[in-house]
Amino acid sequence: MTAPSTERANLRSQRLNQVTHAPHTELDALVKSHKPFDSRESFARFVVAQYLFQSELQALYTDPQLIAIVPDLAERCRAEQARLDLADLDTEVPAPFAGALGKPSLGEALGWIFVSEGSKLGAAFLIKRAVALELSETFGARHLGEPAGGRAEGWKQFTRILDSLELSPEEDAAAERGAVAAFERFTELLKHAYAADAALA
């Protein structure tokens, strides 16, 4: 039975979607402006940003407190896939970039993971573009590959857990701040990745 629209609007995952709409739109426009699918070289800069973002979140994906909430969290991390993609693309693993997430509260951490997990849905479209560069889930575009069990099911499982958590109003507000901060951080990392490329040109 489908929940009434008012109930859906009150779901934590829906609220997080709403508060991140603007930074998400801004990031999409920035990605398109860099034309990552015009060449392997441009795509490699995109993967640099993906690697930096995912490696910064590794500590959250392996955090025992968060794994107690999302049991398969550690397997969901894509930092290693992004690192292998960089090797496939003959691109060095980048040094950490200043400003990485420190030790967030539980609410903030959930907001960051929400953004990371949600990006797997968009990756379904991106990997189709990567195929034109002769890249795939096993070479160069591993981090965009379909998770075990499927993208949609993995996202549904995660949002079901997220929406069922008993959080305080303060923790909910922290989750919203964390989700917005995650988009802002990826935007920053993307600018850094392409600026570094321009500096080498």
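Residues numbered from 1 in each chain as written. Predicted model: local features only at pLDDT ≥ 70, side-chain atom pairs only at ≥ 80, totals over all residues. Heavy atoms only, no water.

Chemist: Help me understand the overall build of the protein chain in this model?
Modeler: The helix and strand inventory of the protein chain stands at eleven helices and zero strands. Mapped from its N terminus to its C terminus, the protein chain presents α and β elements in the order α-α-α-α-α-α-α-α-α-α-α. Rg of the C-alpha trace for the protein chain: 17 Å, near the compact-globule value of 17 Å for 201 residues, within the 12% margin. Dimensions along the principal axes, computed over C-alpha positions, put the protein chain at roughly 50 × 35 × 30 Å. When each of the 201 residues of the protein chain is scored for burial, the buried share is 42%. Of the roughly 10500 Å² of accessible surface on the protein chain, 55% is carried by carbon and sulfur atoms. (Helix = DSSP H or I, 4+ residues; strand = E, 2+ residues; numbered from the N terminus. Rg over C-alpha atoms; globule rule 2.2 N^0.38 Å. Buried < 20%, exposed > 50% of the residue type's maximum accessible area, 1.4 Å probe, protein only. Areas by Shrake-Rupley, 256 points an atom, 1.4 Å probe, with all protein chains shown as cover.)

Chemist: What am I meant to see in the packing of aromatic side chains here?
Modeler: To describe a pair of aromatic rings, one takes the distance between the centres and the angle between the planes. For the structure on display, the rule yields six aromatic pairs. Ring plane angle 50° and centroid distance 5.3 Å describe the contact between phenylalanine 114 and tryptophan 155, whose orientation is recorded as tilted. Linking phenylalanine 114 in helix α9 (residues 106-131) with tryptophan 155 in helix α10 (residues 151-164), this pair joins segments that are 41 residues apart in sequence. The class for tryptophan 155 is buried, based on a relative accessible area of 18%. Every member of this aromatic cluster is reached through a ring pair, and the members are Phe37, Phe43 and Phe46. (Phe/Tyr/Trp six-rings, centres within 6.5 Å; stacked < 30°, edge-to-face > 60°.)

Chemist: Got a minute to help me understand the pattern of salt bridges in this structure?
Modeler: Once their charged atoms are close, side chains differing in charge can pair, the charge on each being opposite to the other. Using the criterion set out here, one finds eleven salt bridges in the structure. What you see here is one network of salt bridges that share partners, running through Asp72, Arg76, Glu117 and Lys120. (Salt bridge = Lys/Arg side-chain N within 4 Å of Asp/Glu carboxyl O.)

Chemist: Quick question: what am I supposed to make of the nonpolar core here?
Modeler: Nonpolar side chains in soluble globular proteins generally cluster together in the buried interior. Phe43, Phe114 and Leu190 are the most contacted members of the largest nonpolar core, which has 52 residues in total. Among the secondary structure elements, those contributing two or more residues to this core are α3 (21-33), α4 (40-56), α5 (58-61), α6 (64-69), α8 (79-88), α9, α10 and α11 (169-200). (Core = buried A, V, L, I, M, F, W, Y, C linked by side-chain atoms within 4.5 Å.)

Chemist: Would you mind showing me how to read the side chain of serine 13 here?
Modeler: Counting through the fold element by element, serine 13 comes out in helix α2 (residues 12-19). Classification of serine 13 as buried rests on a relative accessible area of 5%. The contacts of serine 13, once residues within four sequence positions are left out, are Phe114, Thr159, Leu162 and Asp163. (Contact = heavy atoms within 4.5 Å.)

Chemist: Is there a simple way to explain the packing of α9 against α10 in this structure?
Modeler: Axes are the key here: two packed helices are described by the angle between their axes and the distance separating the axes. Packing of α9 against α10 brings their axes to within 10 Å, and their N-to-C directions diverge by 165°. Accordingly, the angle class assigned to the pair α9 and α10 is roughly antiparallel. Note that α9 runs across α10; the crossing there is left-handed. Contact residues: α9 offers Leu110, Ile113, Phe114, Glu117, Gly118, Lys120, Leu121, Ala123, Ala124 and Ile127, while α10 offers Arg151, Ala152, Trp155, Phe158 and Leu162. Of the residues belonging to the contact of α9 with α10, the class tally is eleven nonpolar, one polar and three charged. (Axes fitted to C-alpha atoms, helices over the stretch in contact; angles between N-to-C directions. Parallel < 35°, antiparallel > 145°, perpendicular 65-115°, else oblique. Left-handed = near helix turned anticlockwise from the far one by under 90°. Nonpolar A, V, L, I, M, F, W, Y, C, P; charged D, E, K, R; others polar.)

Chemist: Help me understand α4 in this model?
Modeler: For an α-helix, the turn length of 3.6 residues means that residues three or four places apart are oriented alike. Helix length check: α4 (17 residues) gives 24 Å between terminal C-alpha atoms against 24 Å at 1.5 Å per residue, within 8%. Burial runs high along α4: 14 of the 17 residues are buried. (Expected span 1.5 Å × (residues − 1).)

Chemist: Please explain the side chain of arginine 12 as it appears in this structure.
Modeler: The topology assignment puts arginine 12 in helix α2. Contacts of arginine 12, omitting those with residues within four sequence positions, involve Leu162, Asp163, Leu165, Leu167 and Asp172.

Chemist: Before we go on, may I ask you to explain α2 in this structure?
Modeler: Among all positions in α2, only Arg12, Ser13 and Leu16 are buried. Projection of α2 onto a plane perpendicular to its axis shows the buried side chains occupying an angular sector of 100°, all on one side. (Arc of directions from axis to C-beta.)

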